[in-house]
Amino acid sequence: MSSTPIRVTFLCLGNICRSPLAEGICRAHVDAMGVADLFDIDSAGTSAYHAGDAPDPGSIRVASAHGLDISRQRSRQLVARDLSERDFIVAMDTSNRRNALRLGAFPDDRLVQMLDFGSAEAGRDVPDPWGGGRDGFSVVYQLIDEAMPGFIEYAKELGPRNR
Ligand code: 4NP
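Residues numbered from 1 in each chain as written. Predicted model: local features only at pLDDT ≥ 70, side-chain atom pairs only at ≥ 80, totals over all residues. Heavy atoms only, no water.

### A few points about the pattern of salt bridges
Taken as a whole, this structure holds 11 salt bridges when the rule is applied. Asp-82 is paired through a salt bridge with Arg-76; the nearest N and O atoms lie 2.9 Å apart. You can call Asp-82 buried: its relative accessible area is 6%. With relative accessibility at 24%, the residue Arg-76 sits in the partly exposed group. One salt bridge connects Arg-97 with Asp-108, and the closest N-O pair in it is separated by 3.0 Å. Pair noted here: Arg-97 is in helix α4 (residues 94–100) and Asp-108 is in the loop between α4 and β4 (111–113), with a separation of 11 residues, a long-range link. (Salt bridge = Lys/Arg side-chain N within 4 Å of Asp/Glu carboxyl O. Buried < 20%, exposed > 50% of the residue type's maximum accessible area, 1.4 Å probe, protein only. Helix = DSSP H or I, 4+ residues; strand = E, 2+ residues; numbered from the N terminus.)

### Examining the sheet that holds strand β2 (residues 39–45)
Pairing is parallel in the open sheet, where four strands are placed in the order β2-β1-β3-β4. For this open sheet the edge positions go to β2 and β4, each flanked by a neighbour on one side alone. Across this sheet, the average inter-strand angle for adjacent strands is 25 degrees, counted without regard to direction. Here strand β3 (residues 88–91) pairs with β4 via three bridges, running parallel. Directly across from Ala-91, in β4, lies its bridge partner Gln-113. Lying on the sheet, helix α1 (residues 18–33) is in contact with β1 (6–12) and β2; it crosses β2 at an angle near 170 degrees. (Pairing = 2+ DSSP bridges. Axes fitted to C-alpha atoms, helices over the stretch in contact; angles between N-to-C directions. Contact = heavy atoms within 4.5 Å.)

### What to know about the pairing of β2
Counting buried positions along β2 gives six out of seven residues, so the element sits mostly inside the fold. The sheet contact formed by β1 and β2 spans seven bridges and is parallel. Across the sheet, residue Ile-6 finds its bridge partner in β2, namely Phe-39. You can see the chain leave β1, run along α1 and come back into β2, and the turn it takes is right-handed. (Right-handed = clockwise from strand over helix to strand, strands pointing away.)

### Points about the site of the ligand
The environment of the ligand is made up of Cys-12, Leu-13, Gly-14, Asn-15, Ile-16, Cys-17, Arg-18, Tyr-49, His-50, Asp-128 and Trp-130. Out of a free accessible area of 350 Å², the ligand has 91% covered by protein chains. (Near = heavy atom within 4 Å. Areas by Shrake-Rupley, 256 points an atom, 1.4 Å probe, with all protein chains shown as cover.)

### So, the state of the cysteines
What is meant by a disulfide is a covalent connection between two cysteines, made through their sulfur atoms. The final tally for this structure, using the stated rule, is zero disulfides. The thiol of Cys-12 is unpaired, and the distance to the nearest cysteine sulfur, on Cys-17, comes to 6.9 Å. What makes Cys-12 buried here is its relative accessible area of 2%. Lacking any disulfide linkage, Cys-26 is separated from the closest cysteine sulfur, that of Cys-12, by 15 Å. (Disulfide = S-S within 2.5 Å.)

### Section: the environment of Ala-65
Assignment of secondary structure puts Ala-65 in helix α2 (residues 57–65). Separated by 97 residues in sequence, Ala-65 and Asn-162 have C-alpha atoms that sit 39 Å apart.

### A word on the side chain of Glu-23
As for its position among the elements, Glu-23 is in helix α1. Engagement of the side chain of Glu-23 in a polar contact is seen with the side chain of Ser-43, the distance being 2.8 Å. Among all residues touching Glu-23, those that are not within four sequence positions of it are Phe-10, Ile-41, Asp-42, Ser-43 and Gln-73. (Polar contact = N/O pair within 3.5 Å; in protein donor to acceptor, adjacent residues only side chain to side chain.)

No statement about biological role is implied by the geometric values presented.
Quick look at the structure:
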């Protein structure tokens, strides 16, 4: 890697449904855009409920249907160090964003919500598909995939933080 990467953490509650998908989708977009080298991408949960677990089968299935393999990801809990080390935290919903701030301060323009970058009518929260039906995961995939290019452009524009 030639320069400081842009460090991005996608965030949800369990880090088994939404944020692992967002991580996989972001990797696919930056690869397709030829800018993968600019980014260091991971994901986390605000809880430790599923720490060490693989993504939910529903997320693995919908990713696979779109040619993405997210099966080797493992859930981890967001820690205070992430708030000093990551350049962007992308929360899937409003409560994830609020819970991240319990660990410490983070620049307002870098603690964003995924659907800030989607079409307005989609609303702000990526719905939690956990325990729901199979359709929930397709909706989550579509919402994240649509918003992702806007987020990537935004992250490239702002770049890494000055440390
Ligand atoms: P996620 O979904 O936040 O998209 O990974 C959830 C996974 C697990 C739980 C809640 C949401 N849970 O309560 O265990």
